[in-house]
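Topology and contacts: notes
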Amino acid sequence: MSIVVSLLRQPRLMRQHLVTCRSSSSLVNNPEKEISFADHRTAYAHLSRTEILRAWIVLKLCSFDFLLQNSLKVLEHSQRVLGRGLLEKILRPTLYDQFVAGDDPQSLKETANKLKKVGIKLMILPSLEEDIGQKSDENRYNSNVDVTLQLAEIAYQHGGPLSCLQTKITALISADLLLKLAERNRDKEDQFRTISSWANYMAGGLLAPVSYLDKAENIELEKGLERLKSVGAFASGLQLRLLVDGEFTYLNQAISIAALSMAGAFNQSRPVVWNTYQCYLKDAFEKICKELEITQRMGVGFGAKIVRGAYLERERQLSVEGNYPDPTNPSYEATSDVYDRAVEHLLEQVERSGGQRCNVIVASHNETSVLKALAKMRSLGISPKDNTVVFGQIYGMASNITVKLASEGYIVYNSVPYGSLFDVLPYLSRRATENRAVLKGTRRERTLLAQELRARFLGF
């Protein structure tokens, strides 16, 4: 109760900074009018008092550096002390419900329906991945395919055609094999030959053995490509957008080859398979331009999810340990410059292609970047209704951006993790560590949550 009282006593923002709720077509019909993300009434109208309070508490806890750096250790220690059952009773209604959609189709449906009421779509994220040295057996990879296909069906049921489903290539192919492929495909033409070969196989052709792989590895590669083919074909059949997530830089070259190969097989008429571009990396803009050129060379559509990125601190640590140049930008401001440049460039590509050959997801919690994207869309005449440029934020965060965009007629997604509590917790812990800058920067959102709590309790 003391938390509620302290929130109610916080000073109010001056009235001129508050923006009343507008209809879903107000900005679309008045393109010169700039949107504001300071409207707490619109942002949290769909949440109960308990949910708003939970969000404030969880985001406040996420602002403490010690908890973010040691989240997995804290969770493991808590499990030993409290036991699995008691820990679940504590975490499920708090951390889990704040960031996770659920662990079964019914709970996912409930989350989807709740978001649908305020115009938000699901971008389901299965917590399936692996790193080098964590090789799974074939049964695990095949099980991951089954889970992905099930989630694809759920995405279609709740969002229809052009709904989004995220996936990680390391859920379907061994990270160790991807690392070997990445190391042997650094030359531009080598990459294109590999992409063409894999795309041809996924389109129904034959796969030639790779000379630098042994027999077992070639068999493993073919099985992995068959899994990619299954997922890509299924997504294409449902007219979904399959978003390939970025991972660590030592795997990303092979991940891009896999994503572009799938694009070559399934993006013939529109962007089905999209790649993710991490703008905290110095070479992000050049990578976007290069991969856009590859898809144009193949004559297929290009889909891009633009993010700042989640692995920055680990990448810096790896560069020190490996004694190689830091691949990341030196500051958040430098990353923002790359991000905004990439979004602007791709929006111009969307306009030139009429939206048929290039689509973009502007995935950002940064209000300035979102506003720049909106202004660029208006200047290019890109309509939100075209569904060629959409927006995305993490479920449980930045509702002031997500809900407001949806209320103004833009197509917006929440990236929603899916899985059981103890399957998802290690994943959430890694994401918390990797997204420290984002989580520590939730002060504005906590202020808006506090304002909404005061409005609910005190009526102003």
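Since the model is a prediction, treat every value here as computed from it, not as a measurement. (Residues numbered from 1 in each chain as written. Predicted model: local features only at pLDDT ≥ 70, side-chain atom pairs only at ≥ 80, totals over all residues. Heavy atoms only, no water.)

**Points about the overall build of the protein chain**
What counts here: Numbered from the N terminus, helices here are DSSP runs of H or I no shorter than four residues, and strands are runs of E no shorter than two. Only heavy atoms matter for contacts: two residues are in contact if any of them lie within 4.5 Å across the pair. Calculation of accessible area relied on Shrake-Rupley with a 1.4 Å probe; when residues are assessed, cover is drawn exclusively from the protein chains displayed.
Assigned secondary structure in the protein chain consists of 21 helices and 8 strands. Counting only contacts in the protein chain whose residues sit at least 6 apart along the sequence, the fraction spanning at least 24 positions is 80%. Of the roughly 20000 Å² that the protein chain leaves accessible, carbon and sulfur atoms contribute 53%.

**Quick notes on the pattern of salt bridges**
Short version of the rule: For this document, the term salt bridge refers to a Lys or Arg side-chain nitrogen within 4 Å of an Asp or Glu carboxyl oxygen. Partly exposed residues are those whose accessible area sits between 20% and 50% of the maximum for their type, while under 20% is buried and over 50% is exposed, using a 1.4 Å probe and protein chains only.
A complete count under the given rule lists 18 salt bridges for this structure. The residue Lys188 makes a salt bridge to Glu293 at a minimum N-O spacing of 3.5 Å. Linking Lys188 in helix H11 (residues 188-202) with Glu293 in helix H14 (residues 284-298), this pair joins segments that are 105 residues apart in sequence. On the accessibility criterion, Lys188 (40% relative accessible area) is partly exposed. Take Glu293: its relative accessible area is 40%, and that puts it in the partly exposed class. Each of the salt bridges in this network shares a partner with another, and the network as a whole consists of Asp39, Lys404 and Glu408.

**Some details on the confidence of the model for the protein chain**
What counts, and what does not: As a per-residue measure, pLDDT tells how confident the predictor is, with possible values from 0 to 100.
Across the protein chain, pLDDT averages 87, with 90% of residues at or above 70. Note that pLDDT drops below 50 for residues 11-29; the model gives that stretch 40 contacts with residues more than four away or on any other chain.

**A look at the sheet that holds strand E5 (residues 302-307)**
Applicable threshold: Only when DSSP finds a minimum of two bridges between them are two strands counted as paired. Inter-axis angles, ranging from 0 to 180 degrees, are taken between N-to-C directions of lines fitted to C-alpha atoms, where helices are fitted over the stretch in contact.
With respect to topology, 8 strands assemble into a closed barrel ordered E1-E2-E3-E4-E5-E6-E7-E8, the strand pairing being parallel. This sheet shows a mean twist of 30° between the axes of neighbouring strands, independent of strand direction. Here strand E2 (residues 164-167) runs beside strand E3 (residues 241-244); their pairing, made up of 4 bridges, is parallel. The residue of E3 that forms the bridge with Leu165 is Leu242. Lying on the sheet, helix H18 (residues 399-407) is in contact with strand E1 (120-126), strand E7 (389-394) and strand E8 (412-418); it crosses E8 at an angle near 135°.

**A closer look at the pairing of strand E4 (residues 273-278)**
Consecutive side chains along a regular strand alternate between the two faces of the sheet. Basically, it comes down to this: Orient the strands so they point away from the viewer; a crossover is then right-handed if the path from the first strand over the helix to the second runs clockwise.
The element E4 is extensively covered by neighbouring structure, given that 6 of its 6 residues are classed as buried. When E3 meets E4, the two strands line up parallel, connected through 3 bridges. Looking at E4, one finds that Leu243 is bridged to Trp274. Both E4 and E5 contribute to a ladder of 4 bridges, which runs parallel. Looking at the pairing, Thr276 lines up with Lys305 of E5. In this fold, the crossover linking E4 to E5 by way of H14 has right-handed handedness.

**Some points on a nonpolar patch on the surface**
Stated formally: Patch criteria: residues need more than 30% relative accessible area and no salt bridge. Like-charged residues are merged within 9 Å; nonpolar side chains of Val, Leu, Ile, Met, Phe, Trp and Tyr are merged within 5 Å.
Taken together, Ile57, Leu61, Phe64, Phe66, Leu67 and Val74 make up a surface patch of nonpolar side chains, about 490 Å² in accessible area. Listed by contribution, the elements that provide at least two residues to the nonpolar patch are helix H4 (49-61) and helix H5 (65-69). Along the polypeptide, Phe66 turns up in helix H5. Phe66 gets classed as exposed once you look at its relative accessible area, which sits at 56%.

**Observations regarding the environment of Lys372**
By the element assignment, Lys372 lies in helix H17 (residues 367-380). In this structure, the C-alpha to C-alpha distance between Lys372 and Glu344, residues 28 residues apart in sequence, is 8.4 Å.

**So, the side chain of Thr276**
To be explicit about the condition: The term polar contact refers here to a pair of N or O atoms within 3.5 Å; inside protein, the definition further demands a hydrogen-donor-capable atom paired with an acceptor-capable atom, and it admits residues adjacent in sequence only when both atoms are side-chain atoms.
When you line up the elements, Thr276 lands in strand E4. Among the residues examined, Thr276 registers a relative accessible area of 4% and is labelled buried. Among the polar contacts made by the side chain of Thr276, one reaches the main-chain carbonyl oxygen of Val244 at a distance of 2.7 Å. Every residue in contact with Thr276, bar those within four places of it in the chain, is listed here: Val244, Asp245, Gly246, Lys305 and Val307.

**Brief notes about the pairing of E2**
Burial of E2 is two-sided: the residues Cys164 and Gln166 facing one way and the residues Leu165 and Thr167 facing the other way are all buried. Note: E1 against E2, 2 bridges, orientation parallel. Counted as the bridge partner of Ile124 is Leu165 from E2. For the crossover from E1 across helix H9 (residues 138-159) to E2, the handedness is right-handed.

**Observations concerning the nonpolar core**
Selection criterion: Side-chain atoms within 4.5 Å link the members of a nonpolar core, which is a set of buried Ala, Val, Leu, Ile, Met, Phe, Trp, Tyr and Cys residues.
In terms of nonpolar packing, the biggest core is built from 93 residues, with Ile124, Ile169, Trp198, Leu228, Ile306, Phe391 and Leu405 touching the most fellow members. For this core, the element with the highest residue contribution is helix H13 (residues 249-266), accounting for 10 residues. Apart from the residues lying within four places of it in its own chain, the contact partners of Ile169 are Leu178, Leu228, Val244, Glu247, Ile255, Ala258 and Met262. Ile52, Val100, Leu425 and Leu449 belong to the second largest nonpolar core, which has 28 residues in total.

**Looking at helix H16 (residues 332-353)**
Rules: What a helix should span is 1.5 Å times the count of its residues minus one.
Over its 22 residues, H16 runs 31 Å from end to end, which matches the ideal 32 Å to within 8%, given 1.5 Å per residue. Within the span of H16, buried status applies to Thr335, Ser336, Val338, Tyr339, Asp340, Ala342, Val343, His345, Leu346, Leu347, Gln349 and Val350. Structurally, H16 contributes buried residues whose contacts are with H14, E5, strand E6 (358-363), H17 and E7.

**A word on the packing of aromatic side chains**
Note the following rule: Here is the rule: rings of Phe, Tyr and Trp (six-membered ring for Trp) pair when centre to centre is within 6.5 Å. Planes less than 30 degrees apart are stacked, more than 60 are edge-to-face, and the remainder are tilted. Any Lys NZ or Arg CZ found within 6 Å of a ring centre and within 35 degrees of that ring's normal is scored as a charge over the ring.
If you walk through the whole model with that rule in mind, you get 3 aromatic pairs. Aromatic side chains Phe248 and Tyr250 sit 5.4 Å apart centroid to centroid with 15° between the ring planes, which places their arrangement in the stacked category. On the numbers, 6.0 Å between centres and 35° between planes, the contact of Tyr277 with Phe302 is tilted. Of this pair, Tyr277 sits in strand E4 while Phe302 sits in strand E5, and the two are 25 residues apart along the sequence. Phe302 matches Tyr277 in its accessibility class, with the two residues each being buried. Seen from the ring of Phe457, Arg49 lies directly overhead, with NZ or CZ sitting 4.6 Å from the centre. Lying over the aromatic face of Phe422, Arg84 brings its terminal NZ or CZ to 3.9 Å of the ring centre.

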